[in-house]
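# A look at the structure
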Amino acid sequence: MVVVERLVKRFGSFNALSDINLNVAKGEKIVLCGPSGSGKSTLIRCIIHIEKHDSGRIVVDGIELTDRIRDINSIRCEVGMVFQSFNLFPHLSVVENCMLAPMKVRGLAQSEARERAMVLLRKVRIHDQAKKYPAQLSGGQQQRVAIARALCMQPKIMLFDEPTSALDPEMVKEVLETMVELAQDGMTMVCVTHEMGFAREVADRVVFMDRGSIVEEGDPTTFFRAPNTQRAKVFLNQII
Ligand code: ADP
Ligand code: MG
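Position numbers for residues start from 1 in each chain and track the written sequence from start to end. Naming scheme: in the order in which they are written, chains are lettered from A and ligands are numbered from 1. Local features in a predicted model are, by the rule used here, given only for residues with pLDDT of at least 70; side-chain atom pairs are given and counted only at 80 or more, and totals for whole chains, interfaces and linings are based on all residues. Excluded from the side-chain calculations are hydrogens and water; all other atoms, namely the structure's heavy atoms, are used.

The name given to the protein in an unreviewed UniProt entry is Amino acid ABC transporter ATP-binding protein, and the organism recorded there is Bradyrhizobium xenonodulans. For the record of the protein, the UniProt heading Function (unreviewed entry) holds the text "Involved in beta-(1-->2)glucan export. Transmembrane domains (TMD) form a pore in the inner membrane and the ATP-binding domain (NBD) is responsible for energy generation." UniProt positions are given in the numbering used here, feature names are shortened, and annotations may be inferred rather than shown by experiment. Note on the protein: under the UniProt heading Sequence similarities (unreviewed entry), the record states "Belongs to the ABC transporter superfamily."

On to empty space enclosed by the protein, then. Here a cavity denotes grid points, spaced 1 Å and computed from the protein atoms alone, that fit a 1.4 Å probe unable to get out, and a pocket denotes an open set having protein on both sides within 12 Å along at least 5 of 7 lines; residues with an atom within 4 Å of a point are the lining. Grid points are joined across faces, edges and corners, and a volume is the space filled by probe spheres set on the points. For the structure on display, the rule yields two cavities of 30 Å³ or more. Of the volumes computed, that of the largest cavity is approximately 50 Å³. In this structure, the largest cavity is lined by Lys-123, Val-124, Ile-147, Leu-151, Thr-178, Glu-181, Leu-182 and Asp-185. Only runs of H or I of at least four residues qualify as helices and only runs of E of at least two qualify as strands under DSSP, and these elements are numbered from the N terminus. Of all the elements in the fold, those that place two or more residues in the lining of the largest cavity are helix H5 (139-151) and helix H6 (169-184). It is H6 that provides the largest number of residues to the lining of the largest cavity, a total of three residues. Residues were grouped as follows: Ala, Val, Leu, Ile, Met, Phe, Trp, Tyr, Cys and Pro as nonpolar; Asp, Glu, Lys and Arg as charged; and all remaining residues, including Gly, as polar. Its residues assigned to classes, the lining of the largest cavity shows four nonpolar, one polar and three charged. Every residue lining the second largest cavity is listed: Val-31, Cys-33, Thr-193, His-194, Glu-195, Met-196, Ala-199, Phe-224, Phe-235 and Ile-239. Listed by contribution, the elements that provide at least two residues to the lining of the second largest cavity are strand S3 (29-33), helix H7 (196-202) and helix H9 (230-239). When grouped by side-chain class, the residues that make up the lining of the second largest cavity number seven nonpolar, two polar and one charged.

A few words on the nonpolar core. Core analysis: the largest hydrophobic core is formed by 51 residues, its most contacted members being Leu-121, Ile-147, Met-158, Phe-160, Met-179, Met-189 and Phe-198. Broken down by element, this core gets its largest block of residues, eight residues, from H6. When checking whether two residues touch, look at their non-hydrogen atoms; a contact exists if any pair is within 4.5 Å. Among residues more than four places away in sequence, those in contact with Ile-147 are Val-82, Val-124, Met-158, Phe-160, Val-175, Thr-178, Met-179 and Leu-182. Remark: nonpolar core denotes a set of buried residues (Ala, Val, Leu, Ile, Met, Phe, Trp, Tyr, Cys) joined through side-chain atoms within 4.5 Å. Exposure categories follow from relative accessible area, calculated using a 1.4 Å probe and restricted to protein chains: below 20% of the type maximum is buried, above 50% is exposed, and the middle band is partly exposed. Counting residues in each nonpolar core, the second largest holds 28 residues, with Leu-43, Leu-65, Val-192 and Val-207 among its members.

Here Gln-141 shows up in helix H5. At 3.0 Å, the side chain of Gln-141 and the backbone nitrogen of Ser-138 are in polar contact. When residues no more than four places from it in sequence are discounted, the contact partners of Gln-141 are Ile-126, Gln-129 and Glu-174. Between N or O atoms, a polar contact is any pair within 3.5 Å; within protein, one atom must be a potential hydrogen donor and the other a potential acceptor, and residues adjacent in sequence are included only when both atoms are from side chains.

Once that is clear, we can look at the sheet that holds strand S6 (residues 79-82). Should DSSP find at least two bridges between two strands, the strands are regarded as paired. Reading across from one edge, S6-S7-S8-S3-S9-S10 is the order of the six strands in this open sheet, with mixed pairing throughout. Of all strands in the sheet, those with a lone pairing partner are S6 and strand S10 (213-218), marking the two edges. Averaged over all adjacent pairs, the angle separating strand axes in this sheet is 20°, with direction ignored. Relative to strand S7 (residues 157-161), S6 runs parallel, the two being bridged by four bridges. Note that in S7 the partner of Val-79 across the bridge is Ile-157. Along the sheet, H6 contacts S3, S7 and strand S8 (188-192); its crossing angle with S8, the most-contacted strand, is approximately 150°. Orientation is described by lines fitted to C-alpha atoms, with helices fitted over the stretch in contact, and by angles between N-to-C directions that extend from 0 to 180 degrees.

Working rule for helices: expected span equals 1.5 Å times residues minus one. Counted at 1.5 Å a residue, the expected span for H5 with its 13 residues is 18 Å, and the 18 Å between its end C-alpha atoms agrees. When you tally the buried positions in H5, you get 13 out of 13 residues, the bulk of the element.

On to the UniProt feature "domain: ABC transporter" (unreviewed entry) in the protein. Within this structure's numbering, the places UniProt gives as "domain: ABC transporter" (unreviewed entry) are residues 2-236. Secondary structure content for residues 2-236 is 39% helix and 26% strand, and the end C-alpha separation is 27 Å.

Our focus in this paragraph is unusual backbone geometry. A negative phi angle characterises most non-glycine residues, just as the trans form characterises most peptide bonds. A positive phi is found at Arg-6, a non-glycine position, where the angle reads about 45°. Mapped onto the elements, Arg-6 comes out in strand S1 (residues 2-11). With a phi angle near 55°, Asn-87 is a residue other than glycine that sits in the positive phi range. Note on placement: Asn-87 falls in the loop between S6 and helix H3 (94-104). A residue is classified by how much of its surface remains accessible, and Asn-87, at 40% relative accessible area, is partly exposed.

Shown next as structure tokens:
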């Protein structure tokens, strides 16, 4: 589903990502972790082409990421993204937030878009709030709307960048539960998160980054119990 080969991303003379190689199979769930500043968000942002990479290749479902606008638009249709900050449109109701992109980008009729939005809002158990505005919802509810909104585009892969780190502790669980259900449905997922319970439950692979490189990867049980590298040990000691 995703091929990343020898990826390099610089900001000026600073190497934010150096020589990243990562393959994500269809249906695979990857948890990306590592210290702050290690390049996790930059990698995710390169995959959805919010950031342009400097060298190397990124191929998403057979589409090579280039500067061609047609490629960029097809990637934005295929890849759903959920951020730490929920980024809902404040002036649109919950259901309208979910209808906008399918109508504008996918060309769905309003009635079709509404129907699809309600199905996915039900899936994240927030359909009863469909007419409210984002500011009237809790953080956890807003993040579930953001997940439903991304799913309305029927993406082939979902990227999550610390989706629970801006939430109060009591709301983390409801968002993680939604993500677990999505994983159980077979969605291909790359999740930046330090939620180890989530990683243990759903991740096929944990990828640990430090200073712009992938330092170590493995199955969650092995990685959390007995990481190979000193850098991963130090990191795990800090988050436990
Ligand atoms: P993480 O998500 O792992 O915390 P990031 O991918 O956000 O790390 O950042 C990796 C490195 O790249 C950091 O040192 C950060 O300061 C730098 N960086 C990220 N975005 C920019 C930018 N737009 N301009 C300059 N430096 C950036
Ligand atoms: Mg980040």
